Amino acid sequence: YTNPNNVYGKTKEIGEFFMLNSRRSNVIIVRTTIVGINFHRKGNSLVEWIISSVNSKRTITLFNDVIFNPISIWDLIKELDFLINCETIDFKILHVSGNQNFPKYFFGVELLKALKLNLDYIQEGSIKDNIKIANRRRDQSIDCSLYQKKFNRKLPSIKDTIDSIKKNFRNEKRY
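The structure contained in this document is the topic of the report that follows. Just so you know, the residues in each chain are numbered from 1, in the order the chain's sequence is written. Residues qualify for local features only when their pLDDT is at least 70, as the model is predicted, and side-chain atom pairs are given and counted only at 80 or more; totals for whole chains, interfaces and linings, by contrast, use all residues. Side-chain measures were taken over the full set of non-hydrogen atoms in the model, leaving aside hydrogen atoms and water.

A look at the packing of aromatic side chains
(1) Moving on: Any pair of Phe, Tyr and Trp rings, taking the six-membered ring for Trp, is counted once the centres come within 6.5 Å. Such a pair is stacked with planes under 30 degrees apart, edge-to-face with planes over 60 apart, and tilted for the rest. Counted according to the given criterion, the structure contains 5 aromatic pairs.
(2) Moving on: Seen from their ring centres, Phe-17 and Phe-18 are 5.4 Å apart, and the 80 degrees between their planes marks the pair as edge-to-face.
(3) Moving on: When the ring of Tyr-105 is compared with that of Phe-106, the centres are 5.0 Å apart and the planes differ by 75 degrees; the resulting orientation is edge-to-face.
(4) Moving on: Burial classes follow relative accessibility: with a 1.4 Å probe on protein chains only, a residue under 20% of its type's maximum area counts as buried, one over 50% as exposed, and anything between as partly exposed. Using a relative accessible area of 14% as the deciding quantity, one classes Tyr-105 as buried.
(5) Moving on: The partly exposed category is assigned to Phe-106, whose relative accessible area is 35%.
(6) Moving on: Charge-over-ring placement is defined geometrically: NZ (Lys) or CZ (Arg) within 6 Å of the ring centre, and within 35 degrees of the ring normal. Above the ring of Phe-68, the side-chain terminus of Lys-104 is found at 5.0 Å from the ring centroid.
(7) Moving on: The ring of Phe-82 carries Arg-153 above its face, with NZ or CZ at 4.0 Å from the centroid.

Here it is in structure tokens:
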């Protein structure tokens, strides 16, 4: 079930509709919330934006009332590799993300602490107070319990996700 509340969400819903109704029988849609590095587009990921803002001494606001359960791009790659090598998958849509819901503000704080970066340029805010942002849900988490149970997989905690970023981010980009 989907109920998108903005154009971005609607385009994802339409893409899923066409994939599920295509003539291909081996379609699997993975819904996720990735953090890490954007490899194939201009612009910054959440992680890159936080780090580059702090390094540039630009104050940013992260929301304490928007929760998500991110997975690092590197951990998602491991899960996708697992799925590609599965013999049979009897689901068309799978939720694969982190196993712990966390406010974005606290994610940013924990990320900066782990990377030993300055916390002075990050401030706590509320999405309710920011009218410049497109209509977004406050709860952006996805329930991955079916995936974990069905495939006996342990998805990463928020600490695991931040540790993965810390380990891999330096190899991909300088901060």
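Examining a nonpolar patch on the surface
(1) Moving on: What goes into a patch is any residue over 30% in relative accessible area without a salt bridge, connected to like charges within 9 Å or, for nonpolar side chains (Val, Leu, Ile, Met, Phe, Trp, Tyr), within 5 Å. Each accessible area value is a Shrake-Rupley result obtained with a 1.4 Å probe; residue values ignore everything except the protein chains displayed when judging cover. The term salt bridge refers to a pairing of a side-chain nitrogen on Lys or Arg with a carboxyl oxygen on Asp or Glu at a separation within 4 Å. A contiguous nonpolar patch, built from Ile-14, Phe-17 and Phe-18 and spanning about 330 Å² of accessible area, is present on the exposed surface.
(2) Moving on: Per the convention used, a helix needs a DSSP run of H or I reaching at least four residues, while a strand needs a run of E reaching at least two, with both numbered from the N terminus. Relative to the elements of secondary structure, Phe-18 occurs in helix H1 (residues 7–20).
(3) Moving on: Overall, the relative accessible area of 55% leaves Phe-18 in the exposed class.

Considerations on the side chain of Glu-79
(1) Moving on: You can see Glu-79 is positioned in helix H3 (residues 73–84).
(2) Moving on: Overall, Glu-79 belongs to the buried group, its relative accessible area being 6%.
(3) Moving on: Two residues form a contact once any of their heavy atoms are found within 4.5 Å. With residues up to four places along the chain from it excluded, the contact list for Glu-79 reads Ile-71, Val-96, Tyr-147, Arg-153 and Leu-155.

Thoughts on helix H2 (residues 46–55)
Residues that lie three or four places apart on an α-helix share one face, since the helix turns once every 3.6 residues.
(1) Moving on: For H2, the complete set of buried residues consists of Val-47, Glu-48, Ile-50, Ile-51, Ser-53 and Val-54.
(2) Moving on: Lys-57 occupies a position one or two residues after H2 and carries a positive phi of about 60 degrees.

Remarks on helix H4 (residues 104–114)
(1) Moving on: Burial analysis of H4 places 8 of its 11 residues in the buried class, which makes it a mostly covered element.
(2) Moving on: All of the buried residues along H4 are Lys-104, Tyr-105, Phe-107, Gly-108, Val-109, Leu-111, Leu-112 and Ala-114.
(3) Moving on: Where H4 ends, the next residue or the one after it, Lys-116, has phi of about 55 degrees, a positive value.

Focus: the pattern of salt bridges
Proximity of charged atoms lets side chains of opposite charge pair with each other.
(1) Moving on: Enumeration over the complete set of coordinates arrives at 6 salt bridges.
(2) Moving on: The residue Asp-75 makes a salt bridge to Lys-78 at a minimum N-O spacing of 3.6 Å. Separated by 3 residues within a single helix, Asp-75 and Lys-78 lie in helix H3, roughly one turn from each other.
(3) Moving on: Of the charged contacts in the structure, one is a salt bridge between Arg-153 and Glu-79, with a shortest N-O distance of 3.0 Å. A residue pair is termed long-range when its members are at least 10 positions apart, and Arg-153 in the loop between helix H5 (145–151) and helix H6 (158–172) and Glu-79 in helix H3 qualify at 74 residues.

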